[in-house]
Protein chains: 2
Amino acid sequence: MPEKLSLGDSNLLWAYALIDGLASRGVTQAVISPGSRSTPLVIACDHHPAIQIRVQVDERCAAFFALGLAKQSQQPVILIATSGSAPAHWFPAVIEANHSTIPLILLTADRPPELHGWGANQTTDQQRLFGSHLRAFYDPGPAENETLPRDQLHKLGREIATQAMQPHPGPIQVNMPFREPLLPSSNICLPESATAQRNTAAPATPDATLIEAIIRQIAGKPGIILCGASDLGATFAQAVGRLAESLDCPILADPLSNMRNGGHDKRRVIAHYDAFLEPAAEAIRPHWVLRFGALPVSKALLQYLEKTQAPQLICDPYQQWPSLPPHGKLSIATDPILLCEAIIAKQPTPAPKAWCAAFGRLEQRAATIMTPETVEDHPFEGEIVDTLLDCLPDRSLLFSGNSMPIRQLDSWSGVRDKQIQIAANRGVSGIDGTISTFLGMAQGDYSVAVALMGDLTFYHDLNGLLAAAGEDLVIVLINNNGGGIFGYLPQSSLNSYEHYWNTATDLNFQHAATLYGLGYKQVTQQSTFRATLEQSIASGGPQLIEVMIDRDYSIERHRHYRAAVAQQLTK
Amino acid sequence: MPEKLSLGDSNLLWAYALIDGLASRGVTQAVISPGSRSTPLVIACDHHPAIQIRVQVDERCAAFFALGLAKQSQQPVILIATSGSAPAHWFPAVIEANHSTIPLILLTADRPPELHGWGANQTTDQQRLFGSHLRAFYDPGPAENETLPRDQLHKLGREIATQAMQPHPGPIQVNMPFREPLLPSSNICLPESATAQRNTAAPATPDATLIEAIIRQIAGKPGIILCGASDLGATFAQAVGRLAESLDCPILADPLSNMRNGGHDKRRVIAHYDAFLEPAAEAIRPHWVLRFGALPVSKALLQYLEKTQAPQLICDPYQQWPSLPPHGKLSIATDPILLCEAIIAKQPTPAPKAWCAAFGRLEQRAATIMTPETVEDHPFEGEIVDTLLDCLPDRSLLFSGNSMPIRQLDSWSGVRDKQIQIAANRGVSGIDGTISTFLGMAQGDYSVAVALMGDLTFYHDLNGLLAAAGEDLVIVLINNNGGGIFGYLPQSSLNSYEHYWNTATDLNFQHAATLYGLGYKQVTQQSTFRATLEQSIASGGPQLIEVMIDRDYSIERHRHYRAAVAQQLTK
């Protein structure tokens, strides 16, 4: 017998079935933006005991914030927006989530089918919003008044929570049309929430034939373990450390690999390759490259791989990439930790003794040059990065903006025993959504949360600062008034460079701090940065440190360092 | 014989062929955001004598700004962004452009095919970005070194400029992959630019059988001409005025129809229907409705159409809507002005005399009540709108935000002889991109440009203010601290209303004005608004007037007015 329900009650039960399905597989966070059509979904989340709701008015910020939450928690996060253009603001974050394999559950409230196709208000095609950037798309239609379809929707919720995580984590959209009225009656009784069970599918043991093929390729030969961006944590760092020991080869560790900092074995971790690989390439030619995580940030490293043409074995646990990069030889669809362990278990012949030692010597030299005596007391990004990492306590988060800051972290951050999680949006490496992603990640359990970003990046996501109120965090804004990265590119030679590439905003960001209630300090001398940072961390609440950069001075210092490394290496 | 060209030169010639093709069909404006991969496109625009470039760092603002430019000029505008997530920020504006039939040429710089599919930096699928919201999509591939394909690309440029305008104006994407190097040699010689010819396809004369069918439906019977949002200008307003005279029927004119203000015959224009249609519906039942433009803003009018069930004839010149609204009887794919003229030429029997007079009386009564004596000196939106329209000189632009301001304009703006262009984004009626669209439109030749918007709308597009520097314009910010529209909806009864629906930002917008260099004045009393507005208009430069609204007072005044109209009508 079908239940007798008002349409408003039916809408809420429908929304609740989906939300409870998701929650029953461990989903606990929802980020919503205001709207009318999304009302049943918001009420369902509000009434669910396991769901924590956060509100963000600007859907673009909401999506990047959710991305940060999911990146930090490594669990799917729900996004809810109303009908019309609202969910389209999620798109940049959806693309980033697709490429950086972050699970997002995109719930788009829609108008019902009968309102489509004739120009009704806020009505558009929401079924083809995110193109090829979704893992899956569902549209269960308007609320059904019977138990069976509602149970099916609950089941869909459970399945989606799993599908967002495996085999290839990423965004999933569920389009949810609702008919009016959107509010339930005041006495509606919601079903008891289901018990939450997290998905913990055990990864498959790597295939023995595959491991043998890998061993044949790498054992006894000089090679490189390359660790790009990944969120695999300390267990992975330890496993890679043991693998490098077993093969006696260097680990070229991208700053986002989180191999540079922490308590694991870092004897073979190389952090200054960006400086020495170009001048030293001839002397250190690898016979193989085993890559974990994403492509590295360093252009010098990519050019080195291109130049030395060593065959690359790429661990791609999610089979994320349909094809291989140039000189890519094998895609390994295996859990990275199990892969390390399986290779170690075979006790492969290590590389010749001199191989890893050569990298060690280059690393040491580059690190010594790293901190030359400061000629002038201008802030310089290399020293900013170094001081920043020095000051951060154990269990910190350092979120990096793209463009220059991530490259400066790559060049100038060394190796440290503290556990500092370094993160960035490297799926498509945009300058967008940086403040919001940082704020989302900063919800995690860190001793201190700091972000480092340039002024265009900061401006691009200024609206994100609305969510900073009441949070303990520090944003270090590297202000070189424009897209300083182009100063290192050929575009800087064009007459229209300043206007079309550098695109300075000329904003005084102290006013942005005032608008959003952030504490503000300006740094104009390198020597004052440390004390300023320590004060900002100690004072609590949201803090902005604006570091004023002289662009020409920075480029000069950067060139000087490169030249010094090259000269030392050819001595 | 193929020319001998460097890859950099080839890239620029390739980009220039497309840009010159577009320019040769009258395209003159480009809005760009900074990036590296888009370099050949930017240089091509920079070198083209007919193209004016504007720079916007935030691609979301860039797209809405371009939308405003195109909306105002009624010509296609070029958008250029670099590869990765950058063009995804255009999406909300693309959806709006789709539904409000605004021509945009979306040029997305891409990485070449060989960099796709294996995780290369800033590389993603840009070929399926905008789903069903495009009129067309092209990808001519990387630069070809021969004349023939380049000529074909020039031809494509010409065709696209036309296709963006007819038969159904809207957005078109051209994905442009470029291989490095992206810069041309310094001595490159560009071909002479082609002569610009605008597309001026004459609209087809309406079919005689169709006109006869329409006449049969409407002649001699009481009916309504309904004018929704359209950008058809004074000639259309005159034609509709004559049609209404010939049929002796009222014109229910949405504020965005631009029928309420101007020098045309306004004797039959009804502007206060939102107030009287509900109480008076029984007394004035139409036998037909002839609609021009989009669906109207007024909910009372939509409910009246629903209730009276008169068959609707809908002029849809672009065949924009695949289906008809409830009670839709005929979709007329004809030029609106020619349609008016064709009906007039048939000298149809007018409606019974009393019909139009009844609307006239209701209009007059509602207009008298409109300005009741102010009890308290709080700012009230009805009086803000009235004063604003009073103060604006001839040939002004008034851009309205969505949500409450457009509804308040609908309720409280009367009929005036001055030419005031009232515009808004009603394609999908979002609160997004309002500042940027306004700034884009304000580039047109207006005596004064003013925008009216709420605080959530203002916050949502705060980044757009970066483009306000040096412009003469006034933004009237109606600040009721949150989504005041929900105060009129059932959601206001929920416990979580303030938190999840009203979503106040609590921002002090004076700091936003300081950040972006706008003059700032706050209005806390209705009596000071006129002088403040006049001062702001007179002082030049970008100006912000923040009007502080007491939400409860406004809702009370609004209810009071409705009750007074209803009471007067039943006397």
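About the cut-offs
Numbers given to residues run from 1 along each chain, matching the order in which its sequence is written. Here chains are named by letter from A upward and ligands by number from 1 upward, in the order in which they appear as written. Totals for whole chains, interfaces and linings use every residue, but because this is a predicted model, local features are given only for residues with pLDDT of at least 70 and side-chain atom pairs only at 80 or more, for both listing and counting. Think of the side-chain values as coming from all heavy atoms in the structure, minus any hydrogens and water. UniProt positions are given in the numbering used here, feature names are shortened, and annotations may be inferred rather than shown by experiment. Strands here are runs of E lasting at least two residues and helices are runs of H or I lasting at least four, both read from the DSSP assignment and numbered beginning at the N terminus. As used throughout, domain bounds are those supplied by an automatic or database domain assignment. Whether two residues are in contact is decided by their heavy atoms, any of which lying within 4.5 Å being enough. Once two parts are joined, some of their accessible surface, as seen by a 1.4 Å probe, is lost; buried area is that loss totalled over both. Take a side-chain nitrogen of Lys or Arg and a carboxyl oxygen of Asp or Glu: if they are within 4 Å of each other, that pair is a salt bridge. Here a polar contact is recorded for every N or O atom pair within 3.5 Å, except that within protein the pair must consist of a potential hydrogen donor and a potential acceptor, and residues adjacent in sequence are included only if both atoms are side-chain atoms. Relative accessibility thresholds used throughout: buried, under 20% of the residue-type maximum; exposed, over 50%; partly exposed, between the two (1.4 Å probe, protein chains only). Two strands are counted as paired when DSSP detects at least two bridges linking them. Crossovers are described as right-handed under a simple rule: with the strands pointing away from the observer, the path leading from the first strand over the helix to the second runs clockwise. A residue counts as positive if it is Lys or Arg and as negative if it is Asp or Glu; His and the chain ends are not included. One less than the residue count of a helix, multiplied by 1.5 Å, gives the span that helix is expected to have. Directions drawn from the helix axis to the C-beta atoms are what define this arc. Here the copies were fitted onto each other by least squares, based on C-alpha atoms from residues at pLDDT of at least 70 in both.

(A) Spotlight on the UniProt feature "domain: Thiamine pyrophosphate enzyme TPP-binding" (unreviewed entry) in chain A. Mapped onto the present numbering, the UniProt feature "domain: Thiamine pyrophosphate enzyme TPP-binding" (unreviewed entry) falls on residues 447-547 of chain A. Between the C-alpha atoms that bound residues 447-547 of chain A the distance is 23 Å, and the span itself is 31% helix and 24% strand.

(B) Spotlight on the UniProt feature "domain: Thiamine pyrophosphate enzyme N-terminal TPP-binding" (unreviewed entry) in chain A. Under the UniProt annotation, "domain: Thiamine pyrophosphate enzyme N-terminal TPP-binding" (unreviewed entry) lies at residues 17-127 of chain A. Counted over residues 17-127 of chain A, helix gives 36% and strand 18%. Its end C-alpha atoms are 21 Å apart.

(C) Fine view of the domain arrangement of chain A. Residue and element names in this part refer to chain A. In terms of domains, chain A is made up of domain 1 (7-177), domain 2 (208-368) and domain 3 (371-553). Spacing between the C-alpha centres of domain 2 and domain 3 amounts to 29 Å. If you look at the interface, domain 2 gives 18 residues, while domain 3 gives 19 residues. Taking both sides of the interface into account, the surface hidden between domain 2 and domain 3 amounts to around 1,600 Å²; carbon and sulfur atoms contribute 49%. The largest share of the area that domain 2 buries against domain 3 comes from Leu256, Asn261 and Val297, three residues that together contribute 36% of it. Remark: the boundary between domain 2 and domain 3 carries two salt bridges. Notably, a salt bridge pairs Asp410 with Arg260, separated by 2.8 Å at the nearest N-O pair. Counting every contact that joins domain 2 to domain 3 gives 12 residue pairs in polar contact (both at pLDDT 80 or more). For the side of domain 2 that touches domain 3, the secondary-structure elements that each account for two or more residues are helix H8 (273-280) and helix H11 (353-369). Of all the elements, H11 adds the most residues to the side of domain 2 that touches domain 3, at three residues.

(D) Fine view of the interface of chain B and chain A. On the chain A side, the residues contacting the 76 residues of chain B number 76 residues. The contact between chain B and chain A buries some 6,700 Å² in all, and 62% of this surface belongs to carbon and sulfur atoms. Summed over the three residues of chain B that lose the most area to chain A, namely Trp118, Tyr500 and Leu515 of chain B, the buried surface amounts to 11% of that side. Put simply, chain B and chain A have two salt bridges between them. Across the pair Asp58 of chain B and Arg60 of chain A runs a salt bridge, and its minimum N-O distance is 2.7 Å. Our count for the chain B to chain A interface comes out at 37 residue pairs in polar contact (both at pLDDT 80 or more).

(E) Representation of the pairing of strand E18 (residues 542-548) of chain B in the model. Residues and elements named next belong to chain B. The element E18 is largely enclosed, with a buried count of six among its seven residues. Relative to E18, strand E16 (residues 473-479) runs parallel, the two sharing seven bridges. Residue pairing in the sheet places Asn479 in a bridge with Met548 of E18. As judged from the five bridges shared by strand E17 (residues 519-523) and E18, these two strands associate in the parallel manner. Opposite Tyr520, over in E18, you have Leu544 as the bridge partner. Where the polypeptide runs from E17 across helix H18 (residues 529-539) and back to E18, its parallel neighbour, the crossover connection is right-handed.

(F) Layout of the side chain of Asp455 of chain B. All names here are of chain B. Counting through the fold element by element, Asp455 comes out in helix H15 (residues 455-460). Arg551 provides the closest opposite charge to the buried, salt-bridge-free Asp455, at an N-O distance of 7.5 Å. Excluding its chain neighbours within four sequence positions, the residues that come into contact with Asp455 are Leu477, Ile478, Asn479, Asn480, Asn481, Gly482 and Phe509.

(G) Helix H11 (residues 353-369) of chain B, seen in detail. Residue and element names in this part refer to chain B. Taking 1.5 Å per residue, 17 residues should reach 24 Å; H11 reaches 26 Å between its end C-alpha atoms and fits that length. If you check which residues of H11 are buried, you get Trp355, Cys356, Ala358, Phe359, Leu362, Glu363, Ala366 and Ile369. Viewed end-on, H11 has its buried residues packed into an arc of 150°, placing them on one side of the element. Summarising the geometry of H11, the exposed residues directed more than 90 degrees from the buried face are Lys353, Ala354, Gln364 and Thr368.

(H) Representation of the relation of the copies chain B and chain A. In the superposition of chain B on chain A (RMSD 0.0 Å, axial shift 0.0 Å), the rotation amounts to 180°. The superposition operator between the copies reduces to a two-fold rotation axis. An overlap of 100% is found between the interface residues of chain B and their copies at the interface of chain A, pointing to a shared contact surface.

(I) Quick look at the side chain of Asn261 of chain B. Residues and elements named next belong to chain B. Positionally, Asn261 belongs in the loop between strand E8 (251-253) and strand E9 (269-270). At a separation of 3.4 Å, a polar atom in the side chain of Asn261 contacts the main-chain amide nitrogen of Arg416. Leave out the neighbours within four places in its chain, and Asn261 touches Lys266, Gly414, Val415, Arg416, Lys418, Ile420 and Ile422.

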